[in-house]
Amino acid sequence: MEVLREDQQGMGVALHIGVSHEPEPERAAAEATRQALACQETPVLALVFGSEQYDPVALAAALSCELGAVPWAGCCAAGVIVGEQLLWEGLAVGVFVGDLQAGIGVAGPVSQEPFQSGRRAVEQALQGFSAPRAGHHRGILLLTDAFSGNVEHVVQGAIREAGGGVAWAGGGAGDNLRFLRTAQFAGHAYRDHVVAVVLEADRPFGVGLEHGWLPYGPPVLATHTRGEAVVDLDFSNAFGVYRATAVRQGDEVSREDFARFAMFHPLGIPCASGNYVIRDPISVEPDGALRCLAEVPDGSLLRVMQGKPETLITAARDAACTSRRRAGGELAFSLVFDCVSRARVLGPRILEELSVMSQVLGAEVPMLGCLTFGEVGAQGVALPQFHNKTTVVLSLMA
Amino acid sequence: MPVLPFCAVPASDVQPPEEAVSLASVLQELTSAALDLFDPEGLLDDFLQRLTLRLGCLAALCLELSQEGRVLLLGSAGLSRASRELPLTVQVEPQGRARLSEVNWGALSFPYPELTATPLGLWQFPFTTAPEEQSPPAALLLFFEPSQRVSQQYFGLVARLMKVVRRALHHRGLDVRVRQSEQRLIEQKRLLEAEVVDNARLYEEAQQAIRIREEFLSVAAHELFTPLTSLRLAAQSLQRTPSAQACPSRSLLQIIDGQTRRLSRLVSELLDVSRIQAGALALEFDEIDLGQMTQEVVEQFGPELERSGTPLKLKVEPGVTGWWDRLRLEQVLQNLLSNAVKYGERKPIEVQVKAEDGMACLVVRDHGMGISPEDQARIFGPFERAISSRHFGGLGLGLYIAQRIVWQLGGSIRLHSEPGQGAAFTVELPRAGGSAQRTLPTGPEALH
């Protein structure tokens, strides 16, 4: 855990971003870091997102070398967001400067103890922070391995440590839907871990979270779940019910093309707000159970959802809008965690989504983020949870 | 903390079908979560966290009011670990304790930073955590950001859920008490089992000690008996030589003879104990006239009776015969007579032989100090005596050996005594012989 306190009060907060398309980790780290540190201001923290092409250990070593004493964290991702750009291959280094306090924690293995990993990572990141000062605000980023463990439990563990009243954002490190392995960074490269980054500032953070998915099928009851798999819906085989739902809408889905169809038709869990928490079914198990990216509560009513590019882009704009509104004014920076599957659904229009968000946040506002494998955040001012196929935007007032 | 009653959205403002689906889904999931609380492993914090997530609250607190008016945090969601560790020092107004429905939980000032950032809306649901009428009041408090949209129907949903939660908590209270009782029983059982194991170990150690002692006695008695016999024979030979008759040391030879005789008797007793305890006391049966045998033994005791000045009256019924081991039966009578002389305080001793109900009966009665009731049970044990060994010699084996011989002959030995009135030992023997050998006691009662 590392905490740096910036003593230059009243100087504001800024995020300087450096980018590199170099395929070699050393050269990419050198180029992106040089750009990010060109501002000559004292760095508080560096946030790093790299595409999956880089060897994580080599990249971490190169970044540590380039960043020196600057504490840094991040993860690998299917794509890196820098403003309106989406880098399918490349590295982005964002350096925070100004009146900001930061702490980093890392814990694992999330595959063995997801709840405790989430709790310990936040506990570590909060070491060195005293009780929140009056007029100060906190944001927490969770960057976790979403392939290994129950990410919902990671988030619950993190909440149990830090509580509500915090702006939560983040997501699962990704590898462009190959579902092999991911890397998390906290000064070093980790696998099967969760990284927590705590930010504290004297101005408010604002978080917006939206997805744009709309009901497609009728409500069905999850009558048997097995961890992250939905075994039965309405007391019948889950895949059978899912397929029947598609048939009623004039569509067809088989086991073979399930992944393609499910990409556009996730499951939604209704909330009291009338909104839905999205669960992404990624495969059909031999017994017909739908394996999702995160846990589906047993006994909950689900709906098969559908998304159209327009609704998804509108939702992203709304997320940016909410984030800006909650931050309360001109923004110092925005961090974006956008589900990788949205990029697949939107195709080239993903750039349109980024552009819309950038316009809402402010063309001059530095925007950094990545395509994630599941997202962390809350709808409104509430406790966060793990979402799928969703856009989360965290902004800090300038 | 600025807290206001949370204003929910009227149900009519929401699209009915969507609202119904959401309501049903949230109800389904949270009912399942509430039912998990019946499981002793279920955590109230987990239920509150799911409730908070599904309703979109900022935080949930479950509070209880103690008899002293202190507010206790039973569970929470949305509070950091640091906040949960903060002491709750808030007090409820006195009238709140009198009427549960009037406790204004929202008026409490909490120390939690999570609840101080913005004005918050509040829903409160009073309940009790135990079925008793006097159980302390409790409440679930849900904190919302005022801009959060939640339908009024969810208030009813939470109120209904709290009925399940209340029942679960009642059940858990009972369950905890049952488990505590079970734990106590298990603990007591464990202690008893440990005690049994300990007793068994002590018993085994005691048995081992006895085996060692008996082995020692057996070996020691055998090793002592041979040289003592040689010594005694040598002393008697010296006494019989003509020169010894006039020798001034003749009296010394008599002392040596007397003491070796006494030592030989003691060692013989030890050997007998060793044989008895090893079950190796061999008997040789022959037809014996008990009256005649008794007369002969009494005659042998003549010098001792004379020396002690004790008169003896013998009353023998003729024809009391049976199949017994002569030497062992003589030994029984010698032991009884020896005790009568020793403890008879020179008062007359009566010896009687008679036949009674087909049994041969031998009675040795003295009129000495007698034996107290509490000593009567133990004097048949080995190395036991009614009077301290400082006052009377011997090993305390005579009655033990006598009883075991009588038992092995198929008879019994009884004692009747009152302190200061003397003692009467009655030996009853089957006249048919010792085939009906009495079963010897085993187990702890055989421990000596």
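Residues numbered from 1 in each chain as written. Chains lettered and ligands numbered in written order. Predicted model: local features only at pLDDT ≥ 70, side-chain atom pairs only at ≥ 80, totals over all residues. Heavy atoms only, no water.

**Q** Would you mind showing me how to read the overall build of chain A here?
**A** When helices and strands are tallied, chain A shows 9 helices and 28 strands. Looking at the 398 residues of chain A, the share that counts as buried comes to 63%. Contacts in chain A between residues at least 24 apart in sequence constitute 81% of all its contacts with a sequence separation of at least 6. By element, 50% of the accessible surface of chain A is carried by carbon and sulfur atoms, the whole surface being about 13200 Å². (Helix = DSSP H or I, 4+ residues; strand = E, 2+ residues; numbered from the N terminus. Buried < 20%, exposed > 50% of the residue type's maximum accessible area, 1.4 Å probe, protein only. Contact = heavy atoms within 4.5 Å. Areas by Shrake-Rupley, 256 points an atom, 1.4 Å probe, with all protein chains shown as cover.)

**Q** Even after reading the chapter, I still don't get the overall build of chain B, so can you show me in this structure?
**A** Within chain B, the regular secondary structure consists of 12 helices and 12 strands. For chain B, the proportion of its 448 residues judged to be buried stands at 44%. Look at the contacts in chain B between residues 6 or more apart in sequence, and 69% of them connect residues 24 or more apart. As displayed, chain B has an accessible area near 23600 Å², and 55% of this comes from carbon and sulfur atoms.

**Q** Whenever I open this one, helix H10 (residues 326-343) of chain B confuses me. Can you help?
**A** Because the α-helix completes a turn every 3.6 residues, residues three or four places apart line up on one side. Residues and elements named next belong to chain B. The end-to-end C-alpha distance of H10, which contains 18 residues, comes to 26 Å, matching closely the 26 Å that a straight helix rising 1.5 Å per residue would cover. Buried residues dominate H10, accounting for 13 of its 18 residues. The opening residue of H10 is aspartate 325, an N-cap whose side-chain oxygen sits 3.1 Å from the backbone nitrogen of leucine 327. Looking one or two residues past H10, glutamate 345 carries a phi angle of roughly 55 degrees, positive in sign. (Expected span 1.5 Å × (residues − 1). Polar contact = N/O pair within 3.5 Å; in protein donor to acceptor, adjacent residues only side chain to side chain.)

**Q** Explain the pattern of salt bridges to me, please; I cannot follow it from the model alone.
**A** Working definition: two side chains of opposite charge can pair if their charged atoms are close together. Residues and elements named next belong to chain A. Enumeration over the complete set of coordinates arrives at 39 salt bridges over all chains. For aspartate 202, the salt bridge identified is with arginine 203, shortest N-O distance 2.8 Å. By relative accessible area, which is 31% here, aspartate 202 ends up partly exposed. Under the relative-accessibility criterion, arginine 203 is labelled buried at 10%. (Salt bridge = Lys/Arg side-chain N within 4 Å of Asp/Glu carboxyl O.)

**Q** Mind showing me how you'd approach the nonpolar core here?
**A** All names here are of chain B. Counting 88 residues, the largest nonpolar core has Leu51, Leu55, Leu140 and Leu142 as its most contacted members. For this core, the element with the highest residue contribution is helix H5 (residues 153-240), accounting for 8 residues. Apart from the residues within four sequence positions on either side, leucine 51 is in contact with Leu30, Leu140, Leu142, Val158 and Leu161. Judged by nonpolar contacts, the second largest core, of 49 residues, contains Met293, Ala360, Leu415 and Leu429. (Core = buried A, V, L, I, M, F, W, Y, C linked by side-chain atoms within 4.5 Å.)

**Q** Help me understand the packing of aromatic side chains, please; the structure alone is not making it clear to me.
**A** The description of an aromatic ring pair rests on the distance of the ring centres and on the angle between the ring planes. In the structure shown here, the tally under the stated rule is 14 aromatic pairs over all chains. Put simply, the rings of Phe239, Tyr242, Phe258 and Phe261 of chain A pair up and form one aromatic cluster. (Phe/Tyr/Trp six-rings, centres within 6.5 Å; stacked < 30°, edge-to-face > 60°.)

**Q** Would you mind showing me how to read the sheet that holds strand S12 (residues 189-190) of chain A here?
**A** Within a beta sheet, neighbouring strands are joined by backbone hydrogen bonds and run either parallel or antiparallel to one another. All names here are of chain A. Strand order across the open sheet formed by 6 strands is S2-S7-S3-S4-S11-S12, with mixed pairing between neighbours. The open sheet has two edge strands, strand S2 (13-20) and S12, and neither has a second partner. Strand direction decides the pairing type here: strand S3 (residues 43-51) and strand S4 (residues 72-77), joined by 6 bridges, are parallel. Note that in S4 the partner of phenylalanine 49 across the bridge is cysteine 75. Contacts from helix H1 (residues 25-36) reach S2 and strand S7 (91-98), with the element oriented near 150 degrees to S2. (Pairing = 2+ DSSP bridges. Axes fitted to C-alpha atoms, helices over the stretch in contact; angles between N-to-C directions.)

**Q** Looking at this structure, how should I read the interface of chain B and chain A?
**A** Accessible area lost upon the coming together of the parts is a frequently used measure of interface size. At the interface, 33 residues of chain B touch 37 residues of chain A. Note on chain B versus chain A: buried area summed over both sides is about 2700 Å², and carbon and sulfur give 50% of it. Of all residues in chain B, the largest losses of buried area upon contact with chain A belong to Gln49, Leu53 and Arg54 of chain B, amounting jointly to 23% of the total for that side. Our count for the contact surface shared by chain B and chain A stands at 5 salt bridges. Applying the counting rule to chain B against chain A returns 13 residue pairs in polar contact (both at pLDDT 80 or more). Broken down by element, the side of chain B that touches chain A gets its largest block of residues, 9 residues, from helix H1 (residues 16-35) of chain B. Of the residues belonging to the side of chain B that touches chain A, the class tally is 12 nonpolar, 10 polar and 11 charged. (Buried area = accessible area lost by both parts, 1.4 Å probe. Nonpolar A, V, L, I, M, F, W, Y, C, P; charged D, E, K, R; others polar.)

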